[in-house]
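# Fold and geometry: a report
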Amino acid sequence: MAQILKLPVQASKLGYKRVRRRVQAPDPNQLDLFPQSCAQILDFVPPDFGLFEQALMWDERGDPKAAELYARAIDQEDCVADSFCNLGIIESQEGNTIKAFDCFTTCLKHNPRHSEAHYNLGNLYFDQNDFRLAQLHFEMSTTLEPSFANAFFNLALVLAINNDFAAAMRALRQYEQLVPEDDRQIASDLFETLKKSLLAAKNSRVGAT
């Protein structure tokens, strides 16, 4: 009988990753027109922002206007792959799973090495309990962007669910190396669970011989 992995309560997968790309870095000496604490949002777009940048600006505020702007960016071939990726996150958050799949896969048609799209598609497959394909896309994401810690953590989870505990622990060690010390507790808790599961699986195989 396969060992059932009992995850710590806090060991849920980490969320989607939006593509963030700016035309230029903000000037630290320039007044911030969009302070976080301000209730009023100024409808101002820097003159050098294309449609993708405009969509991203609204997206980071949670404004539904972002979806329309991403669609316009795609129509005008402005950062097409990135626009599809971010639009896929919006669709997934709205519960439009089929549209989200279409966005992420279309992103990969434009750029097969798009690390965020592979990671987000892995999350979407994870949510649909298709752990084989989730593992495939998380592995692609870690290969394409080996400094992205969240992909290693989610890969560790799906490997554990797929009963590959040794590989899960290797992925978790990668996660621990990439995150600040304050963020390692969740990894430590999961690591202990994985060690117990691996030991139980080994004992089960020995007992069956």
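Overview of the structure. Computed from a prediction, not measured in an experiment: that's the story for all the values here.

### With respect to the side chain of T142
With respect to the helices and strands, T142 occurs in helix α6 (residues 131-144). What T142 contacts, discounting residues up to four positions off in sequence, is A151, F152 and L155.

### Details of the nonpolar core
Ranked by internal contacts, the top residues of the largest apolar core, which has 60 residues, are Y70, F153, L172, Y175 and L194. When residues of this core are assigned to their parent elements, the largest contribution, 10 residues, is made by helix α7 (residues 149-161). Every residue in contact with Y175, bar those within four places of it in the chain, is listed here: L14, A149, N150, F152, F153, D183, I186 and A187.

### Comments concerning the pattern of salt bridges
Using the criterion set out here, one finds three salt bridges in the structure. The residue R18 makes a salt bridge to D59 at a minimum N-O spacing of 3.0 Å. Of this pair, R18 sits in the segment before α1 (51-59) while D59 sits in helix α1, placing them 41 residues apart in sequence. The class for R18 is buried, based on a relative accessible area of 19%. Given the relative accessible area of 8%, D59 is considered buried.

Thresholds, definitions, all that
- Residues numbered from 1 in each chain as written.
- Predicted model: local features only at pLDDT ≥ 70, side-chain atom pairs only at ≥ 80, totals over all residues.
- Heavy atoms only, no water.
- Helix = DSSP H or I, 4+ residues; strand = E, 2+ residues; numbered from the N terminus.
- Contact = heavy atoms within 4.5 Å.
- Core = buried A, V, L, I, M, F, W, Y, C linked by side-chain atoms within 4.5 Å.
- Buried < 20%, exposed > 50% of the residue type's maximum accessible area, 1.4 Å probe, protein only.
- Salt bridge = Lys/Arg side-chain N within 4 Å of Asp/Glu carboxyl O.

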